[in-house]
Amino acid sequence: RVSNKFGFTPLENARRISPPFLTGFTLVEILVVISIIGILSSILVASTVIVRKKSRDARRVINISQMQKALDLYFDANSSYPVGIDAAGLDQIMTAGFMPLIQTDPFTGNSYRYNVVPTTCTLGCTNYHIGANLEEATNPSLSSDHDGTDGFNGVNGTCESSTGDDLCYDVAAR
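Basis of the calculations
- Residues numbered from 1 in each chain as written.
- Predicted model: local features only at pLDDT ≥ 70, side-chain atom pairs only at ≥ 80, totals over all residues.
- Heavy atoms only, no water.
- pLDDT = per-residue confidence, 0-100.
- Helix = DSSP H or I, 4+ residues; strand = E, 2+ residues; numbered from the N terminus.
- Core = buried A, V, L, I, M, F, W, Y, C linked by side-chain atoms within 4.5 Å.
- Buried < 20%, exposed > 50% of the residue type's maximum accessible area, 1.4 Å probe, protein only.
- Contact = heavy atoms within 4.5 Å.
- Pairing = 2+ DSSP bridges.
- Expected span 1.5 Å × (residues − 1).
- Disulfide = S-S within 2.5 Å.

A. Molecular detail of the confidence of the model for the protein chain. Overall, the prediction assigns the protein chain a mean pLDDT of 82, with 77% of residues at 70 or greater. Confidence, read as mean pLDDT per element, is least for helix α1 (residues 10-17) in the protein chain (59) and greatest for helix α2 (residues 27-78) (94).

B. Representation of the environment of L73 in the model. By the secondary structure assignment, L73 is in helix α2. Through-space distance from the C-alpha of L73 to that of I93 is 8.7 Å; in sequence the pair is 20 residues apart.

C. Up close: the nonpolar core. By size, the foremost hydrophobic cluster in this structure holds 23 residues, and its most contacted members are I64, M67, I93, Y114 and I130. Of all the secondary structure elements, the ones that give two or more residues to this core are α2, α3 (87-95), β1 (113-116), β2 (128-133) and β3 (168-172). In this structure, I64 is in contact with Y112, I130, G131, A132, Y169 and V171, ignoring residues within four places of it in sequence.

D. Up close: the pairing of β2. The buried fraction of β2 is high, at five of six residues. Looking at chain direction, β1 and β2 are connected through four bridges and run antiparallel. Within the sheet, the bridge partner assigned to V116 lies in β2 and is Y128. Both β2 and β3 contribute to a ladder of five bridges, which runs antiparallel. For N133, the partnering residue across the bridge sits in β3 and is C168.

E. Spatial organisation of α2. Under the 1.5 Å per step criterion, the end-to-end length of α2 is 76 Å for 52 residues, consistent within 8% with the ideal 76 Å. All buried positions along α2 are accounted for by R56, D57, R60, V61, N63, I64, M67, Q68, A70, L71, D72 and Y74. Buried residues along α2 sit in contact with α3, β1, β2 and β3. Residue S79 follows α2 closely and has a positive phi angle near 55°.

F. Quick look at the state of the cysteines. A full pass over the atoms with the stated rule returns one disulfide. Here C121 engages in a disulfide with C125; their sulfurs sit 2.0 Å apart. Negative torsions about the S-S bond denote left-handed disulfides, and the value of about -110° found for C121 with C125 makes this one left-handed. Among the residues examined, C125 registers a relative accessible area of 1% and is labelled buried.

As structure tokens, this is what we get:
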């Protein structure tokens, strides 16, 4: 047993120098640390949600662009755009081999809005309208889209109605 000149071991000496009430954390200190961790984690979760929305919106814009190219190829081959509404019209570009798979909304899994213009066209249709609901109103694509009202409302709303903010990214035949 090693001891100093007073007869205390190093451990006993440390206990004698540090009173017992100074050796741990207080409840207030622990609560402050827990609250700081909670605030930081809520900020992280909030920013992750925004990034996911922007990612899904970018995917929607890319999907619409790919379908627009496939629709142009379909028109070049058939001198008409596919007749139908939503999936019924878009499935024809897949069946004709211009797209391997018709993309759907990355969040809902629903088909994108599509129709020929005018909606009464059944043969030799030379225009279309296709759109997707975006989640972020700050998306720069919204400032350069079609915003047409032919077939479904792309001016103001959710590509399905005439209420709400302009979150409908829609394009028409070029």
